[in-house]
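Chain by chain, the residues run as shown.
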Amino acid sequence: MSCDFFLKGLKKKMAEKNLARKHRHSKDTPPSMSSSSGPLTEELKCSVCLDVFKDPVSTPCGHNFCKSCLNQCWEKSENCICPLCKEIFSKRPDLKLNTALRQVVQLYEKKFTLSKSKVLCDICDDTKMKALKSCLVCQTSYCEKHLEPHQRVLSFKKHKLMDPVENIKDYICQKHERPLDLFCRDDQMRVCVFCTDGDHRTHKTVTLEEESKEKKAQLMKTQKDVQQMILDRIRKIQDIEYFAERRKKSTEREKAANVELFRDLIRSIESCQAELLEMMAKKQKAAQKQDKKLIQELQQEITELKMRNTDVDHLLHTEDHLHLLQIDPSLYRAPDPRNWSEISMNTDVSVETLRRALTQLQETLDEKLCQSVLSKMQQYAVDVTLDPDTAHPYLILSNDGKKVRHGDIKHELPDYPERFNYSVCVLGKKGFLSGRFYFEVQLKRKTKWDLGVARESINRKGQITVSPPYGFWSLALRNGNEYCACDDPAVSLSLSVKPQKVGVFVDYEEGLVSFYDVESRSHIHSFTGQSFTNRLYPYFCPFPNDTDKDSAPMIISPGNFEFTTQI
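On a predicted model such as this, the values are computed, not experimentally measured, just so you know.

**Considerations on the overall build of the protein chain**
Along the protein chain, the regular secondary structure elements total ten helices and 23 strands. When burial is assessed residue by residue, the protein chain has 34% of its 567 residues classed as buried. Across the protein chain, contacts joining residues at least 24 apart in sequence account for 58% of those joining residues at least 6 apart. Summing over all exposed atoms, the protein chain offers an accessible surface of approximately 36,400 Å²; the carbon and sulfur share of this is 52%.

Pasting the structure below:
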């Protein structure tokens, strides 16, 4: 059985139930609870059973139903479908009571419970019936049976009837014993017809019906305002819950991304550590081999010197003068020794190696971190196209809205309020009022440009000042190699590599605008701690071709990227 079929049957039964209610007087539920068609009542009705909510729950799509109605609907259907908007949920949602809505329903029911009459008929002898009306002339309350003479007898028909009240004397003038059927607006009190000839003679008096009508009109307006306030707050609660769920999921994704990022960094550290230890082991082994060789050479020299010393000692004790005169002349002088002072005994080789390795590790980590951050930014890539209605008349835009360059001819274009008429600038078509977005722009062969984002309310007529106080968050190039962040004041940037493609990332809620060199995957500059209140648009300024060296366009990259680093 489908959910729609089940709903049709259930709604048919409820329609029959509501029809039956019209033909009988309910003792438990006030007619206004079930038949009122006011905006608040409709908001407090379940669209399945068509009655006031009982244990209201909310679906992920934001609609409210009685918990039992929704469970019955889903138990009879193969899929979990919202009975109102027909959205299909792949997994059965975990239904939780909408406590705020339930409190509103309880207050609403309490209001009508208190409004039910508790006044009994003064004429009934045995079983007292509920009073239908009270008569101000008779000063008596009547049930439906005993009220009949007031509806039939001509003299009784002239009596003043009202909704039943317990203390009817409060509605009678104690001075003149007449019904208080007039209202003095000067003294804001009820009076009788005789009072208007006495103390209230000069006052403005109206009938109670007229005053009641005006008061009801005021109350209806107040009630409408209060009902709207209640509905606004119910919707606000739903919005908060919806965005809280989105923020929770976003936080979980961010957490997973950061965990993976740090895992990647840890793997890099471990890899560099292994390389460092292996390098140190090799150097230690080479040093040990060198030390062994030097010791062997020294021992060889010592042996040779000892043999020479023995020969000299033998000659010193000989008596053969002829033999003494015939010996090798080299024995008369000391041998030329090897200069061992030139051999460096560097005991700090490992420390220097460690220092170089740590420097290399730091550079590697910085590179990997920047690559990971840029890849993370690219996940928020949007498809940016240029808005021709904002372009200065000298600018030439491609048909696909992805390229802009400065031309030699000023085009005749309508002077729209959003068009720049002095600075050769252009904005993107789509603006952003929340969240994060990222786009890339190719700037090859450019010697001057501005690139960034601008708020919707910027001045577009006459000369503009590009800085945050004036609604611009931009990077700039001048004279081919002079880079700066257009802050207040401007911040000069020293870049070792000229960026050929620049990525722009914006986090609206965090007040962040960052710029990246896409090819070297390095960070250029960030505006932090900003406060955005307007819609933000991508901002481009290719500048005039003054030297015939800057005819290249600014080119917006496609909005899809192949991620080299998984976050």
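There is more to say, and it comes next.
**Notes on the sheet that holds strand β5 (residues 133-135)**
Here three strands make up an open sheet; going across it, the order is β6-β5-β7 and the pairing antiparallel. Two strands lie at the open edges of the sheet, namely β6 (140-142) and β7 (161-162), each paired on one side alone. Pairing of β5 with β7, which is carried by two bridges, proceeds in the antiparallel orientation. Residue pairing for β7: Ser134 is matched across the bridge by Met162.

**Some details on the packing of aromatic side chains**
Per the stated rule, a full pass over the model turns up nine aromatic pairs. Note on Trp74 and Phe89: the rings are 6.2 Å apart at their centroids and 75° apart in plane angle, and the pair reads as edge-to-face. Separated by 15 residues along the polypeptide, Trp74 in helix α4 (residues 67-75) and Phe89 in strand β4 (residues 88-89) bring together distant segments of the chain. Judged by its relative accessible area of 3%, Trp74 is buried. Here Phe89 falls in the buried class, since its relative accessible area comes to 9%.

**Points about the environment of Val491**
Structurally, Val491 is set in strand β18 (residues 491-493). Measuring from C-alpha to C-alpha, the distance between Val491 and His525 comes to 9.6 Å, with 34 residues separating the pair along the chain. Residue contacts for Val491: discarding those within four places in its chain leaves Tyr483, Cys484 and Ala485.

**Examining the side chain of Asp387**
If you trace the backbone, Asp387 turns up in the loop between α10 (349-378) and β11 (395-397). Reaching out from Asp387, the side chain makes a polar contact with the backbone nitrogen of Asp389 at a distance of 3.1 Å. Excluding residues within four positions of it along the chain, Asp387 makes contact with Leu397, Val426, Leu427, Gly428 and Lys429.

**Overview of the sheet that holds strand β19 (residues 501-507)**
One open sheet holds the seven strands; their spatial order is β11-β12-β23-β14-β19-β20-β21, and the pairing between them is antiparallel. The open sheet is flanked by β11 and β21 (522-527), the only strands paired with a single partner. Strand after strand, the sheet turns through a mean of 20° between neighbouring axes, direction not considered. Alignment of β19 against strand β20 (residues 512-517), held across six bridges, turns out to be antiparallel. What sits directly across from Gly503, in β20, is Tyr516.

**Section: unusual backbone geometry**
Residue Pro489 follows Asp488 across a cis peptide bond; omega there is 5°. With a phi close to 50°, Asp55 is a non-glycine residue in the positive phi region. By relative accessible area, Asp55 is classed as partly exposed at 43%.

**Focus on the nonpolar core**
In terms of nonpolar packing, the biggest core is built from 49 residues, with Phe439, Trp449, Leu451, Val513 and Phe540 touching the most fellow members. Residues contacting Phe439, with those up to four places away along its chain left out, are Val382, Val384, Leu451, Gly452, Val453, Val502, Gly503, Val504, Pro538 and Phe540. Within the second largest apolar cluster, 22 residues are counted, among which are Leu44, Val48, Phe53 and Val57.

Criteria and cut-off values
- Residues numbered from 1 in each chain as written.
- Predicted model: local features only at pLDDT ≥ 70, side-chain atom pairs only at ≥ 80, totals over all residues.
- Heavy atoms only, no water.
- Helix = DSSP H or I, 4+ residues; strand = E, 2+ residues; numbered from the N terminus.
- Buried < 20%, exposed > 50% of the residue type's maximum accessible area, 1.4 Å probe, protein only.
- Contact = heavy atoms within 4.5 Å.
- Areas by Shrake-Rupley, 256 points an atom, 1.4 Å probe, with all protein chains shown as cover.
- Pairing = 2+ DSSP bridges.
- Phe/Tyr/Trp six-rings, centres within 6.5 Å; stacked < 30°, edge-to-face > 60°.
- Polar contact = N/O pair within 3.5 Å; in protein donor to acceptor, adjacent residues only side chain to side chain.
- Axes fitted to C-alpha atoms, helices over the stretch in contact; angles between N-to-C directions.
- Core = buried A, V, L, I, M, F, W, Y, C linked by side-chain atoms within 4.5 Å.

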